[in-house]
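# Coordinates in review
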Amino acid sequence: MNPILVAERVNKTFGAVVAAADIDLAIERDSVVSLIGANGAGKTTFLNMITGYLQPSSGRIRFDGRDLTGLAPRQVTRLGISRSFQAPQLLGTLSVRDNLRVAEGIAGSREVEAATDALLARFALAPYADRAAALLPEGVRKLLDVAMALVTRPRVLLLDEPTSGVAADEKFDLMDRVMSAVQGVTVLFVEHDMDIVARYSQRVIAFYDGRVIADGAPAAVLASDSVRRYVIGESIEPAREHAAA
Ligand SMILES: Nc1ncnc2c1ncn2[C@@H]1O[C@H](COP(=O)(O)OP(=O)(O)OP(=O)(O)O)[C@@H](O)[C@H]1O
Ligand SMILES: [Mg+2]
């Protein structure tokens with residue numbers, strides 16, 4: 001394995017809360033990995049430590065061999081790591097095209113118009129180009145949010161709940177579009193829908209109370225006792241019983 005991202009004994013505490021406990025992980029280049037876990041398990045905290053938004057209390061994170069410890073978010077972005085947020089960060093009154101233009105401008109793109117057109121095409125967003133971001137259907141907003149995260153041409157893309165707030169019958173279409181648009185990029189995505197996890201990830205990492213409690217192929221992780229108990233919950237049918245997955 002030739003990992004692009006490595007976490008070494010990463011810990012993070014907020015007062016008495018342990019949001020990350022001895023996390024040791026290596027993410028393979030060009031893989032698609034999902035992070036699962038109940039509310040408060042530490043998924044977003046882990047992404048925040050990768051992007052430099054939070055610093056680990058101890059331990060280190062390496063990107064392509066380079067230690068990210070102490071770097072500010074914009075420095076991490078410049079190295080090639082980008083993210084979308086749990087709540088899309090868009091300029092609601094601006095059109096889809098203008099949101100992308102602004103993002104391309106901030107990213108220092110020399111060919112803002114061409115790059116914007118390319119992203120509109122890549123994400124099949126052209127039909128929505130002139131619509132205000134605030135008026136988009138949620139699935140399209142999420143798609144735009146991912147497109148915005150690509151303006152910096154990342155090699156690692158972190159997606160925090162890309163399908164949250166999207167109607168169940170639109171989630172697969174959204175993820176199909178996202179995954180086809182981000183080919184060649186290593187993707188780490190946080191997801192609560194186990195059907196999406198089973199369909200789109202090559203590897204699943206399960207968190208509970210800041211710890212990794214399972215890590216491996218989707219079928220094995222989703223069927224494991226600890227994941228069924230601490231992530232999926234006894235009352236919810238495990239994803240493997242759904243034909244769609
Ligand atoms: N900036 C912060 N200050 C204090 N506590 C925090 C902070 N960020 C996260 N926490 C706490 O750390 C724990 C992990 O939170 P985190 O947001 O990483 O969970 P999560 O797995 O993303 O949950 P969710 O599925 O609800 O988004 C929680 O107990 C949370 O309250
Ligand atoms: Mg979260």
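Residues numbered from 1 in each chain as written. Chains lettered and ligands numbered in written order. Predicted model: local features only at pLDDT ≥ 70, side-chain atom pairs only at ≥ 80, totals over all residues.

## Notes on the sheet that holds strand β7 (residues 156-160)
Judged by pairing direction, the sheet is mixed, and its six strands sit side by side in the order β6-β7-β8-β3-β9-β10 without closing on themselves. The open sheet has two free edges, formed respectively by β6 (81-84) and β10 (211-216), since each of these has just one partner strand. When strand polarity is set aside, the average angle formed by the axes of neighbouring strands in this sheet is 20°. Taken together, the four bridges between strand β3 (residues 32-36) and strand β9 (residues 203-208) define a ladder with parallel strand orientation. Bridging across to β9, Leu35 finds its partner in Ile205. In the packing of helix α1 (residues 43-51) onto the sheet, the strands contacted are β3, β6, β7, β8 (186-190) and β9, and the crossing angle to β7 comes to about 150°. (Pairing = 2+ DSSP bridges. Helix = DSSP H or I, 4+ residues; strand = E, 2+ residues; numbered from the N terminus. Axes fitted to C-alpha atoms, helices over the stretch in contact; angles between N-to-C directions. Contact = placed C-beta atoms within 7 Å.)

## Quick word on the site of ligand 1
The local shell around ligand 1 consists of Phe14, Val17, Ala19, Gly37, Asn39, Gly40, Ala41, Gly42, Lys43, Thr44 and Thr45. Contributing elements (two or more residues each) for the shell around ligand 1: β2 (17-28) and α1. Ranked by the residues each element gives to the shell around ligand 1, the list is headed by α1, at three residues. (Near = placed C-beta within 6 Å.)

## Some details on the nonpolar core
Ranked by size, the top nonpolar core spans 71 residues in total, and within it Leu143, Leu144, Ala147, Ala206 and Val227 carry the most contacts. With seven residues, helix α5 (residues 138-149) is the largest single contributor of residues to this core. With near-sequence residues (within four places) excluded, Ala147 lies in contact with Leu100, Leu119, Phe123 and Leu125. (Core = buried A, V, L, I, M, F, W, Y, C linked by C-beta atoms within 7 Å. Buried ≥ 20, exposed ≤ 12 C-beta atoms within 10 Å, placed from the backbone.)

## Some details on the packing of α5 against helix α6 (residues 168-181)
Interaxial distance between α5 and α6 falls to 10 Å at its minimum, and their mutual angle equals 20°. If you check the angle between α5 and α6, you find them roughly parallel. Remark: the crossing between α5 and α6 carries right-handed chirality. Across the interface between the two elements, Gly139, Lys142, Leu143 and Val146 from α5 touch Glu170, Leu174, Arg177 and Val178 from α6. Here the residues of the contact of α5 with α6 are counted per class, giving four nonpolar, one polar and three charged. (Parallel < 35°, antiparallel > 145°, perpendicular 65-115°, else oblique. Left-handed = near helix turned anticlockwise from the far one by under 90°. Nonpolar A, V, L, I, M, F, W, Y, C, P; charged D, E, K, R; others polar.)

## Structural notes on helix α9 (residues 225-232)
Among all positions in α9, only Val227, Tyr230, Val231 and Ile232 are buried. Mapping the buried residues of α9 onto a view down its axis gives an arc of 155°, with all of them on the same face. In α9, the exposed positions that point more than 90 degrees away from the buried face belong to Asp225 and Arg229. In the core, the buried residues of α9 are packed alongside β3, α7 (194-200), β9, β10 and α8 (218-223). Downstream of α9 by a residue or two, Gly233 has a phi angle that is positive, lying close to 90°. (Arc of directions from axis to C-beta.)

## Describing the confidence of the model for the protein
When pLDDT is averaged across the protein, the result is 92; 94% of the residues are at 70 or more. Of the regions scoring below 50 in pLDDT, residues 238-245 engages in 19 contacts with residues more than four places distant in sequence or in other chains. (pLDDT = per-residue confidence, 0-100.)

## Describing the pairing of strand β1 (residues 3-14)
Bridging between β1 and β2 involves eight bridges; their strand directions are antiparallel. Looking across to β2, one finds that Val6 is bridged to Ala26. Between the antiparallel neighbours β1 and β2 lie two residues, among them Gly15 with a positive phi of about 60°. Relative to strand β4 (residues 58-63), β1 runs antiparallel, the two being bridged by five bridges. Each residue of the ladder has a partner; that of Ala7, found in β4, is Ile61.

## Remarks on the sheet that holds β1
Across the sheet, which stays open at both edges, the four strands sit in the order β2-β1-β4-β5 with antiparallel pairing between neighbours. The open sheet has two edge strands with one neighbour each: β2 and β5 (66-67). Helix-sheet contacts for α1 involve β1, β2 and β4, and the interaxial angle to β2 is about 65°.

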